[in-house]
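# Coordinates in review
Take a look at the letters that make up each chain.
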Amino acid sequence: MNAAIIFILLLVLMLTGMPISISLGLTVLTFLFTMTQVPIESVALKLFTGIEKFEIMAIPFFILAGNFLTHGGVARRMINFAASMVGHWHGGLALAGVMACALFAAVSGSSPATVVAIGSIILPAMVKQGYPKGFGAGVITTSGALGILIPPSIVMVMYSVSTNTSVGQLFMAGVVPGLLLAFFLGLTTWFLARKHNYPRMPKASWSERLVAFRKSAWGLLLIVIVMGGIYTGMFTPTEAAAVSAVYAFVIAVFVYKDMGLKQVPKVLLDSASMSAMLLYIITNAVLFSFLMTSENIPQAMAGWIMDKGFGVISFLLVVNILLLLAGNVMEPSSIVLIMAPILFPVAMKLGIDPVHFGIIMVVNMEVGMCHPPVGLNLYVASGITKMGITELTVAVMPWLLTMVAFLLLITYVPQITMWLPNLIYK
């Protein structure tokens, strides 16, 4: 009964158009002060202790690193390198877009940042070469979603905070699925380009490839620093985030010199406002999670599912449907922070690996970012391409179907996800 009241209240507040973070906070406060005897001091205490986690510090640093890289010419050099490698195949520039998104995802940790950085450069170039605008938009919108699957990933940090799962293991678990999804998206792109005979680029010589690689090497080195540092245990994911922010600043301002010192305060301010927004959502989600636990809702739900005899297969199917539906109305950070504390205890009771479950949630978030009505990547791509959301939805369909098929593969073949973390964390 209490669970129904909480969710109806949350839904009503969200339907008024109120931001999700405020809806969460108001739901908790309304319920606590009208239906329970919880002292107000414990709410204030929970607000502070909820975000007192070392992992949360990674979020502002990854956002800052992503912003320096977006403004600092790194994306353009990565595109040139990708185009020199795959540009001569069918749909060469589009394939370069997929490859550049995968590379940029490995340094930014954010999907919208990847769509903006790669899309704003490659989409005008694709239209100029004679690609239909819809095709280019479809490629970039869906490939940009790799930003939250290929580590480092802000969404993975949030899942880790919600469930106390190791960030390092989650990052390692995202590598193989991320590369596999990039391959499948590239395959879909190549197939469509071949079918419609879209333009190809002249084949680059090995010396041209070497020059392109040398120019993009500073940006690519960040992948080695972050992942290598975490792999070898040299630093934690949070420390890796701080290192990547400093490194991104140095290469944007002093190495590539695409960004002057005068632009730094604006980047810092943008990063601070985005970090504040995410931390505010986290704070309210922590409160919501506290309410759920104090009302025993996750435990009751776990008991109900076990009584109904749900197996792993049917439970994961329900989780996927639930998360895809949530993707219709919420953005990834909110979904993870609300759903993870509820679904996680059930997954643990069924013996599902916490890291594998985290990757399933992240892939669901990726799909959610590419379909309406709240697909964040659709809105970002719409801003770049000046296309309507409906038009964009039709354009992304082939890649979206590929992503749904990939989601099923990741859900039911845990070995793909768990192979690398098991190898490293034995």
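Residues numbered from 1 in each chain as written. Predicted model: local features only at pLDDT ≥ 70, side-chain atom pairs only at ≥ 80, totals over all residues. Heavy atoms only, no water.

Note the threshold: UniProt positions are given in the numbering used here, feature names are shortened, and annotations may be inferred rather than shown by experiment.
As recorded by an unreviewed UniProt entry, the protein chain carries the name TRAP transporter large permease protein and is attributed to Undibacterium curvum. Turning to the protein chain, the UniProt record has this under Subunit (unreviewed entry): "The complex comprises the extracytoplasmic solute receptor protein and the two transmembrane proteins." Under Subcellular location (unreviewed entry), UniProt gives the following word-for-word description of the protein chain: "Cell inner membrane".

### Quick notes on helix α17 (residues 354-368)
Counted only if it meets this: The helix count covers DSSP runs of H or I at least four residues long, the strand count covers runs of E at least two residues long, and both are numbered beginning at the N terminus. Expected helix span is computed as 1.5 Å times (number of residues minus one). Per-residue accessibility, obtained with a 1.4 Å probe over protein chains only, is compared with the maximum for each type, and a residue is labelled buried under 20%, exposed over 50%, and partly exposed between these values. Whenever a nitrogen or oxygen atom comes within 3.5 Å of another N or O atom, the pair is scored as a polar contact, on the condition that within protein one atom can donate a hydrogen and the other can accept it, and that pairs from neighbouring residues in sequence are kept only if both atoms are in side chains.
Here α17 is 15 residues long and its end C-alpha atoms lie 21 Å apart, about the 21 Å a rise of 1.5 Å per residue gives. Across the 15 residues that make up α17, a large majority, 14, are buried. One side-chain oxygen at the N-terminal end of α17 lies 2.8 Å from the backbone nitrogen of V355; it belongs to D353.

### Description of the environment of L317
Relative to the assigned elements, L317 resides in helix α15 (residues 312-329). Assessed through its relative accessible area of 42%, L317 is described here as partly exposed. Between the C-alpha atoms of L317 and M35, which are 282 residues apart in sequence, the distance is 34 Å.

### Observations concerning unusual backbone geometry
Each neighbour pair has its own omega, and for P151 with P152 the value is 0°, a cis peptide bond. Note that P152 resides in the loop between α8 (133-143) and α9 (154-163). A positive phi angle, near 60°, is found at N164, a position not held by glycine. Within the secondary structure, N164 sits in the loop between α9 and α10 (167-196). Even without a glycine there, the phi angle at K386 is positive, about 60°. If you trace the backbone, K386 turns up in the loop between α18 (376-385) and α19 (389-412).

### Description of the nonpolar core
The tendency in soluble globular proteins is for nonpolar side chains to be buried side by side. Our working rule: Grouping buried Ala, Val, Leu, Ile, Met, Phe, Trp, Tyr and Cys residues that are joined through side-chain atoms within 4.5 Å yields what is termed a nonpolar core. The criterion used for residue contact is that any of the two residues' heavy atoms lie within 4.5 Å.
In terms of nonpolar packing, the biggest core is built from 151 residues, with I118, F135, F315 and F357 touching the most fellow members. At 13 residues, the largest contribution of residues to this core is made by helix α6 (residues 92-108). Discounting chain neighbours no more than four positions away, the residues touching F357 are Y159, F315, L316, V319, L343, F344, A347 and I352.

### As for the layout of surface pockets
Filter applied, for reference: Lining residues are those with an atom within 4 Å of a point, where the points come from a 1 Å grid over the protein atoms alone and group into cavities, where a 1.4 Å probe fits but cannot get out, or pockets, open sets with protein on both sides within 12 Å along at least five of seven lines. Grid points are joined across faces, edges and corners, and a volume is the space filled by probe spheres set on the points.
Taken as a whole, the largest pocket spans an internal volume of roughly 350 Å³. What lines the largest pocket is a set of 21 residues, among which M277, L278, E331, S333 and L376 lie closest to the centre. When contributions to the lining of the largest pocket are tallied by element, the ones reaching two or more residues are α2 (20-35), α7 (111-129), α9, α13 (264-294) and α16 (332-349). The element contributing the most residues to the lining of the largest pocket is α13, with 4 residues.

### Describing the state of the cysteines
The condition that has to hold: Whenever a pair of cysteine sulfur atoms sits within 2.5 Å, that pair is classed as a disulfide.
Scanning the model with the defined rule gives 0 disulfides in all. Free of any disulfide, C101 has its nearest cysteine sulfur in C370, 10 Å distant. We classify C370 as buried; its relative accessible area is 0%.

### Digging into the pattern of salt bridges
Going by this rule: Whenever a carboxyl oxygen of Asp or Glu lies within 4 Å of a side-chain nitrogen of Lys or Arg, that contact is scored as a salt bridge.
What the rule picks out here adds up to 3 salt bridges. Here D258 ties to R77 by a salt bridge, and the two come within 2.7 Å at their closest N and O atoms. Here D258, found in the loop between α12 (237-255) and α13, pairs with R77, found in helix α5 (residues 74-86); they are 181 residues apart in sequence, far enough to count as distant. Take D258: its relative accessible area is 29%, and that puts it in the partly exposed class.

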